[in-house]
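Listed here are the chains, written in short residue letters.
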Amino acid sequence: MPASYERKGPDALQKLFLYLIIFDWIALIYLIIEIKNMSFQHGAITSVMVAIFNLILVNLCFRRARRAEDGYQIYPVIIGALLSFVLIAYFFFF
């Protein structure tokens, strides 16, 4: 019978993931503030890059939450992803 494993503290991957979530929200807030002052080319590139980052983050979040029962991390990531797609729609259509 294998010995039980006891974690002594949060792992480094968990901390990195939480920092990525914080970085995502900082990038979204900056994009909300500066989207009106950007040219179309810079705004389009920035919006697409933020959307790709959010898709990668959502994928990582679902893998991480399923494996480690950290379901509380899903909500800020999903809200951030939806907000990024709303910003893209706002930028391109208005």
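All values derive from a computational prediction rather than experimental measurement. (Residues numbered from 1 in each chain as written. Predicted model: local features only at pLDDT ≥ 70, side-chain atom pairs only at ≥ 80, totals over all residues. Heavy atoms only, no water.)

1. Regarding the packing of aromatic side chains
Then, in step 1: A full pass over the atoms with the stated rule returns 4 aromatic pairs.
Then, in step 2: Plain terms: the ring middles of Phe 40 and Phe 92 are 5.7 Å apart, the flat faces sit at 75 degrees to each other, and that makes the pair edge-to-face. On the criterion of sequence distance, the pair formed by Phe 40 in helix H2 (residues 40-68) and Phe 92 in helix H3 (residues 74-93) is long-range, its members being 52 residues apart.
Then, in step 3: Given a relative accessible area of 35%, Phe 92 falls into the partly exposed group.
Then, in step 4: Ring geometry for Phe 91 against Phe 92: centres 5.5 Å apart, planes inclined by 75 degrees, an arrangement best described as edge-to-face.
Then, in step 5: Residue class for Phe 91 comes out buried when judged on its relative accessible area of 12%. (Phe/Tyr/Trp six-rings, centres within 6.5 Å; stacked < 30°, edge-to-face > 60°. Helix = DSSP H or I, 4+ residues; strand = E, 2+ residues; numbered from the N terminus. Buried < 20%, exposed > 50% of the residue type's maximum accessible area, 1.4 Å probe, protein only.)

Function-wise, these values are silent; they only describe arrangement.
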